[in-house]
Amino acid sequence: MAELYWTPVADLARMIAAREVSPVEVVRVHLDRVTALDPKLKAFITVCDVAALAGARAAEAAVLAGGPLGPLHGVPYGPKDLYCTKGVATTGGSTILADFLPDTDATVVARLAAAGMLVLGKLNMHEFAYGPEGLNGHYGNVWNPWDAGTHRVAGGSSSGSGAAVAAGACPAALGSDTGGSIRIPASLCGITGIKPTYGRVSRAGVLPLAWSMDHCGPMARTARDCALMLGAMAGYDPADASTSVLPVPDYAAALTGDVKGLRVGILRAHFLDVAAPEVRQAVEAAAKALEQAGATLDEVKLEHLALVPAAAMAIVGAEALAYHAPWLRARSAEYQPDVRARLKLGVAVSANHYLRAQALRARVRQEVDAALARRDVLLAPTTPIAAPALGQQETQLGDGPSDVRSALIRFTRPFNFSGHPAISLPCGFTPAGLPVGLQLVGRPFDEATVLRAADAYQRLTDWHTRRPPVA
Amino acid sequence: MLPHMEITLDTLKRVTRLAGFEWEDAELEALRPLFARTLDMLGRLDAVDLAVSEPSTQYRVL
């Protein structure tokens, strides 16, 4: 049963429902993995061993009783530690909230529980989600499982989610994505993660970084697993006024494996053209694979991206400062230095610049909409580089030197800005053995097509089945 | 558009005090170059023409 820890969510749910395996066994196997691997990975902030085993025993009893089961019955997962979990510490990766025990679950945690999922533990992250490297000075810096010898970052801010899933310590996770925080760790850790359309998934009960840029979504090893979790998570929530009442489609049913006629727009300018050569090569090959499977390719250029970094700084800087202002007044010294500095820079944002940033957002959204009017998905690398070493500050891109932080969020942030759904999935490896991520961006509320394309690609390739050396 | 003024420690202290924060000089001094760079970056947003598109946030199909 040792290989249970590489079994996808979809198969675990089927096996549990068919009584081929007990949820108790599934949870035990994963808890053993956490015990064995996490001293190095530092992917977990809290391990919910007692509650997870109790939940697994109840899930087993429900199976044996023969009653109706949720679609993900008995399958464990880990929420990033900014999702409120009733009675379980929710730290946001900070010591400021070390003693915060929420009295209710975040909406999506409650929905996944209703679908039958069990919380295995709470996952590490960049403090308060404010950083794409996934660093945490309080609970330890997450180790990317794809390099056993060199400490490389897992990507953030959902670094624990990326590393835990990649290493087989849990079959799936929840991340949150304000500038790429689901897709970046998915890319750097060689797993699959989807940032849905803004408004598709409730943010109620999730600690915010920037309300108008935050997105919640699943991370797993396959697009199919993401589809199953997203189906359970998505939909209108009266507790989150930004959620849409549009009906939630059956995402799993959309996974036909067929991409014949799928219109794919390749983002070269500002994206592929500035990526590292090994990233470019892997993503070009992925586009070719989709074309050979029947998709049609053309090139598309987004013209209004030059000001996105400034606009995102204005929006995230202002919104994050507003949320953190009470703690910045009273407990400033408790933040890790990079997060404290970033938060304080929010003071530089004026109302004038905040509103101009929001105006630019409308224009970028219109431009992405226009690009997708004649195409089904846009294709780009998720990140221009593979996982950097811990402490690496600079990197070289096709258009010149860049600091690592800016490089990591460069290809993902435009779609937080615009709100379009975007997925990252593995599409190859660098010569050093580090995963490369492919990003597919879809029309608003058309996660089904994004997932279909990603699933079809995973039927054609085996990148998502590779196992990292630390595991 | 006015050229950006030099950000001195005193300026930074006044700005942060106006915003309701009181942080130590040493930390503000360390932030000073970053603050100046951030202001330069944000200044580029003055080129955004509000007559073309009005401020809005995200998709919300009800």
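What you see is a predicted model; the values in this text were computed from it and never measured.

Calculation criteria
Residues numbered from 1 in each chain as written. Chains lettered and ligands numbered in written order. Predicted model: local features only at pLDDT ≥ 70, side-chain atom pairs only at ≥ 80, totals over all residues. Heavy atoms only, no water. Helix = DSSP H or I, 4+ residues; strand = E, 2+ residues; numbered from the N terminus. Rg over C-alpha atoms; globule rule 2.2 N^0.38 Å. Buried < 20%, exposed > 50% of the residue type's maximum accessible area, 1.4 Å probe, protein only. Areas by Shrake-Rupley, 256 points an atom, 1.4 Å probe, with all protein chains shown as cover. Lys, Arg positive; Asp, Glu negative; His and termini not counted. Charge placed at Lys NZ, Arg CZ, Asp CG, Glu CD. Pairing = 2+ DSSP bridges. Contact = heavy atoms within 4.5 Å. Axes fitted to C-alpha atoms, helices over the stretch in contact; angles between N-to-C directions. Disulfide = S-S within 2.5 Å. Buried area = accessible area lost by both parts, 1.4 Å probe. Salt bridge = Lys/Arg side-chain N within 4 Å of Asp/Glu carboxyl O. Polar contact = N/O pair within 3.5 Å; in protein donor to acceptor, adjacent residues only side chain to side chain. Nonpolar A, V, L, I, M, F, W, Y, C, P; charged D, E, K, R; others polar. Parallel < 35°, antiparallel > 145°, perpendicular 65-115°, else oblique. Left-handed = near helix turned anticlockwise from the far one by under 90°.

A.B. asks: Tell me about the overall build of chain A, and please be specific about residues and values.
C.D. replies: From N to C terminus, chain A includes 14 helices and 14 strands. For 471 residues, the compact-globule formula gives about 23 Å, and the C-alpha radius of gyration of chain A, at 20 Å, lands near that figure. Overall, chain A is about 60 × 60 × 50 Å in size when its C-alpha atoms are taken along their principal axes. Here chain A holds 471 residues, and the buried ones make up 67% of them. Accessible surface, chain A: about 14,700 Å² in total, of which carbon and sulfur atoms supply 55%. In chain A, which carries 43 positive and 42 negative side-chain charges, the distance between the mean positions of the two groups comes to 2 Å.

A.B. asks: Pulling in residues and values, what's your account of the sheet that holds strand 5 (residues 172-177) of chain A?
C.D. replies: Hydrogen bonding along the main chain pairs the strands of a sheet, whether they run parallel or antiparallel. Residues and elements named next belong to chain A. If you walk across this open sheet you meet the 10 strands as 3-2-5-7-6-13-14-10-8-9, and the pairing is mixed. Each having just a single partner strand, strand 3 (118-119) and strand 9 (296-300) make up the two edges of the open sheet. As paired strands, strand 2 (residues 76-79) and strand 5 are joined by 2 bridges and run parallel to one another. Bridging from a neighbouring strand, Pro79 pairs with Leu174 of strand 5. Relative to the sheet, helix 5 (residues 159-166) contacts strand 5 and strand 7 (215-220), its axis offset from that of strand 5 by approximately 155°.

A.B. asks: If you had to explain the state of the cysteines to someone new, which residues and values would you point to?
C.D. replies: Residue and element names in this part refer to chain A. Applying the stated criterion to the full structure yields 0 disulfides over all chains. Between Cys189, a cysteine without a disulfide, and Cys170, which holds the nearest cysteine sulfur, the sulfur-to-sulfur distance is 12 Å. Exposure remark for Cys189: the relative accessible area of 1% places this residue in the buried category. Free cysteine: Cys216, not disulfide-bonded; nearest cysteine sulfur from Cys84 at 11 Å.

A.B. asks: Residues and numbers for the environment of A:Ala56, please.
C.D. replies: All names here are of chain A. As for its placement among the helices and strands, Ala56 is situated in helix 3 (residues 49-65). Residue classification places Ala56 among the buried positions, given a relative accessible area of 0%. If we skip the residues at most four places from it in the chain, Ala56 touches Pro23, Val24, Val27 and Leu118.

A.B. asks: Explain the interface of chain A and chain B to me, using residue names and the numbers behind them.
C.D. replies: Contacts between the two partners involve 50 residues from chain A and, on the opposite side, 32 residues from chain B. Together, the buried faces of chain A and chain B total about 3,500 Å²; carbon and sulfur atoms form 65% of this surface. Connecting chain A to chain B are 2 salt bridges. Its salt-bridge partner being A:Arg340, residue B:Glu27 comes within 2.7 Å of it at the nearest N-O pair. The tally of links between chain A and chain B comes to 14 residue pairs in polar contact (both at pLDDT 80 or more). Elements with a minimum of two residues in the side of chain A that touches chain B: helix 9 (308-330), helix 10 (337-345), helix 11 (351-373) and helix 13 (413-418) of chain A. When residues in the side of chain A that touches chain B are grouped by element, the largest group, 13 residues, is from helix 11 of chain A. Looking at the side of chain A that touches chain B, its residues break down into 28 nonpolar, 14 polar and 8 charged.

A.B. asks: Can you tell me about the side chain of A:Asp38, naming the residues and giving the values?
C.D. replies: Tracing the backbone shows A:Asp38 in helix 2 (residues 23-41). Reaching out from A:Asp38, the side chain makes a polar contact with the backbone nitrogen of A:Ala43 at a distance of 2.7 Å.

A.B. asks: Could you give me a rundown of the packing of helix 7 (residues 223-233) of chain A against helix 14 (residues 447-460) of chain A, with the residues and numbers involved?
C.D. replies: Residues and elements named next belong to chain A. Direction vectors running N to C along helix 7 and helix 14 enclose 155°, while the axes themselves pass 8 Å from each other. In terms of their interaxial angle, helix 7 and helix 14 are classed as roughly antiparallel. Between helix 7 and helix 14, the residues in contact are Ala223, Arg224, Cys226, Ala227 and Leu230 and Glu447, Leu451, Ala454, Asp455, Gln458 and Arg459, respectively. Here the contact of helix 7 with helix 14 is composed, by residue class, of 6 nonpolar, 1 polar and 4 charged.

A.B. asks: Would you mind going over the pattern of salt bridges in detail, with residue names and values included?
C.D. replies: Within the structure shown, the criterion is met by 23 salt bridges over all chains. The salt bridge involving B:Glu22 is made with B:Arg17; its shortest N-O contact spans 3.6 Å. Look at B:Glu22 and you get exposed, because its relative accessible area is 63%. The class of B:Arg17 is exposed, set by a relative accessible area of 54%. A network of salt bridges, in which partner residues are shared, links A:Arg263, A:Asp376, A:Arg443 and A:Asp446.

A.B. asks: Talk me through the packing of helix 2 of chain A against helix 3 of chain A; I want residue IDs and the actual numbers.
C.D. replies: Any two packed helices are characterised by how steeply their axes cross, that is the angle between the axes, and by the distance between the axes. Residues and elements named next belong to chain A. One can describe the packing of helix 2 onto helix 3 by two numbers: an axis separation of 7 Å at closest approach and a directional angle of 160°. Looking at the two axes, helix 2 sits roughly antiparallel to helix 3. For the crossing formed where helix 2 meets helix 3, the hand is right-handed. Along the contact surface, helix 2 presents Pro23, Val24, Val27, Arg28 and Leu31, while helix 3 presents Asp49, Ala52, Leu53, Ala56, Arg57, Ala59 and Glu60.

A.B. asks: Give me the lowdown on unusual backbone geometry, citing residues and values where you can.
C.D. replies: Residue and element names in this part refer to chain A. The omega torsion of the bond from Gly156 to Ser157 falls at 15°, within 30 degrees of zero and hence cis. Positive phi, normally seen in glycine, also occurs at His270, with a value near 70°. One non-glycine residue, Phe445, adopts positive backbone phi at about 65°. Position of Phe445 among the secondary structure elements: in the loop between strand 14 (435-442) and helix 14.

A.B. asks: Which residues make up the environment of A:Ala311, and what are the values?
C.D. replies: Inspection of the secondary structure puts A:Ala311 in helix 9. Here A:Ala311 falls in the buried class, since its relative accessible area comes to 0%. Residues A:Ala311 and A:Phe417, 106 residues apart in the sequence, show an inter-C-alpha distance of 8.7 Å. Ignoring any residue separated from it by four or fewer positions in sequence, one finds A:Ala311 in contact with A:Ala357, A:Leu360, A:Phe417 and B:Leu45.

None of the figures reported here should be taken as evidence of function without further support.
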